[in-house]
Amino acid sequence: MQQLNAKQKTFFDEEGYLVVENLLTVEETAYYSNLYASFLDNRIDASRYRSDLSGGDNKEEKITQIMVPSKLVPDLVHKPLHQKTLAMAKELMGNDIELDFDMLINKAPYTDTITPWHQDAAYWIDMPDKRAASCWVAIDHAYKENGCMWYTPKSHLSPILPHEQTGNKGALKCEGSEENSVYIELRPGSCVFHQGGTLHYSRGNSTSDNRRAFITNFRPKAMIQLEREKGVDHTGERQIRTK
Ligand SMILES: O=C(O)CCC(=O)C(=O)O
């Protein structure tokens, strides 16, 4: 069933991102909210895939990142978030698109830590077919003060910028600015797609709310095979692309 119209697809191609409201129903969002809580409070043991994206030596995590939640709860790939975002990713990029990996990123209340400006492609090995998209699904209301996403329109049309690693195995960062970017506030269950080359960032969470995102990442099946042959499975290593 087609869900995106021609205008949305053109917007994604030209601007590098696309907002989709109400991806999930209220009931579906409640399911993910409960499951997310089980990951965060360790009822589901995700310790081997969990790290602090801020790269700090803090006892308290500033930005909780849990890679590949669907490896721990395999049924997730059959559920609405994965099914709906995969269907849309195919509409945006082609029928050979598959799920590469998924992840959870939470900014807990008052952690006040930015996710630096970066392009996702800087995290990945170079691939001949560059088609790639992430879908950032808001589990909580995401707004400026708790760290919603910011995107630089059309930035995916230029070459990947130089990136450097922050902190101790922390996030990659490059030059970027709010001035020429847009912020995307989302209700729970709504989402935003962005391309592998789209420059993005988020402010820290200065509020008493959580800012939980469930993220799925898609690329062509042949490129996923290439990654796996090279030992890349997105379970947690963070390396700067060297070529
Ligand atoms: O949630 C964040 O702050 C960062 C997310 C991100 O960089 C991504 O989804 O590619």
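My aim in this report is to walk through the structure given alongside it, one point at a time. (Residues numbered from 1 in each chain as written. Predicted model: local features only at pLDDT ≥ 70, side-chain atom pairs only at ≥ 80, totals over all residues. Heavy atoms only, no water.)

What about the side chain of Thr207?
With respect to the helices and strands, Thr207 occurs in the loop between β12 (200-202) and β13 (211-220). Residue classification places Thr207 among the buried residues on the basis of a relative accessible area of 10%. A polar contact is formed between the side chain of Thr207 and the side chain of Asn205, at a distance of 2.8 Å. Apart from the residues within four sequence positions on either side, Thr207 is in contact with Pro109, Tyr110, Tyr143, Glu145 and Asn146. (Helix = DSSP H or I, 4+ residues; strand = E, 2+ residues; numbered from the N terminus. Buried < 20%, exposed > 50% of the residue type's maximum accessible area, 1.4 Å probe, protein only. Polar contact = N/O pair within 3.5 Å; in protein donor to acceptor, adjacent residues only side chain to side chain. Contact = heavy atoms within 4.5 Å.)

Describing helix α4 (residues 80-93)
An ideal rise of 1.5 Å per residue puts 20 Å on 14 residues; α4 measures up with 20 Å between its terminal C-alpha atoms. For α4, every residue scored as buried is listed here: Leu81, His82, Thr85, Met88, Ala89, Glu91, Leu92 and Met93. Two residues or fewer after α4 comes Gly94, characterised by a positive phi angle close to 130 degrees. (Expected span 1.5 Å × (residues − 1).)

Regarding the sheet that holds β13
Reading across the sheet, the seven strands line up as β1-β11-β6-β13-β4-β3-β2 and stay open at both edges, with antiparallel pairing between neighbours. Where the open sheet ends on each side, the last strands, each with one partner, are β1 (17-20) and β2 (50-52). Averaged over all neighbouring strand pairs, the angle between strand axes comes to 20 degrees, with direction disregarded. In this structure, β2 lies alongside strand β3 (residues 64-67), joined through three bridges in antiparallel fashion. Within the sheet, the bridge partner assigned to Arg50 lies in β3 and is Ile66. Across the face of the sheet, α4 comes into contact with β1, β4 (97-107), β6 (133-138), β11 (191-195) and β13 while running at roughly 45 degrees to β13. (Pairing = 2+ DSSP bridges. Axes fitted to C-alpha atoms, helices over the stretch in contact; angles between N-to-C directions.)

Considerations on the site of the ligand
The local shell around the ligand consists of Ile105, Lys107, Thr115, His118, Asp120, Trp136, Met149, His194, His200, Ser202, Arg211 and Ile215. Contact distances for the ligand include 3.0 Å between an oxygen atom and a side-chain N or O atom of His200. One of the side-chain nitrogen or oxygen atoms of Arg211 is found 2.9 Å away from an oxygen atom of the ligand. When isolated, the ligand has an accessible area of 290 Å², and the protein chains bury 97% of it. Residue composition of the shell around the ligand, grouped by class: four nonpolar, five polar and three charged. (Near = heavy atom within 4 Å. Areas by Shrake-Rupley, 256 points an atom, 1.4 Å probe, with all protein chains shown as cover. Nonpolar A, V, L, I, M, F, W, Y, C, P; charged D, E, K, R; others polar.)

Regarding the sheet that holds strand β10 (residues 182-184)
Each strand in a sheet pairs with its neighbour through backbone hydrogen bonds, running either in the same direction (parallel) or in the opposite one (antiparallel). Taken in spatial order, the four strands line up as β5-β12-β7-β10 in an open sheet, and their pairing is antiparallel. Single-partner strands in this sheet number two, and they are β5 (115-118) and β10. In this sheet, adjacent strand axes meet at a mean angle of 25 degrees when their direction is disregarded. Where strand β7 (residues 149-151) meets β12, three bridges bridge the pair, whose relative direction is antiparallel. Paired with Met149 across the strands is Ser202, a residue of β12.

Observations regarding the packing of aromatic side chains
Taken as a whole, this structure holds seven aromatic pairs when the rule is applied. Look at Tyr17 and Tyr151: their rings are 5.5 Å apart centre to centre, the planes differ by 5 degrees, and that puts the pair in the stacked class. Residue Tyr17 is located in strand β1, and its partner Tyr151 is located in strand β7; the two are separated by 134 residues in the primary sequence. Accessibility assignment for this pair places Tyr17 and Tyr151 in one class, buried. (Phe/Tyr/Trp six-rings, centres within 6.5 Å; stacked < 30°, edge-to-face > 60°.)

Considerations on the pattern of salt bridges
For the structure shown, the criterion picks out 15 salt bridges. The residue Arg219 makes a salt bridge to Asp100 at a minimum N-O spacing of 2.7 Å. You can see Arg219 sitting in strand β13 and its partner Asp100 sitting in strand β4, a full 119 residues away along the chain. Judged by its relative accessible area of 1%, Arg219 is buried. With a shortest N-O distance of 3.4 Å, Glu227 and Arg219 are connected by a salt bridge. Among the ionic contacts, a cluster of salt bridges with common partners joins Asp100, Arg219, Glu227 and Arg228. (Salt bridge = Lys/Arg side-chain N within 4 Å of Asp/Glu carboxyl O.)

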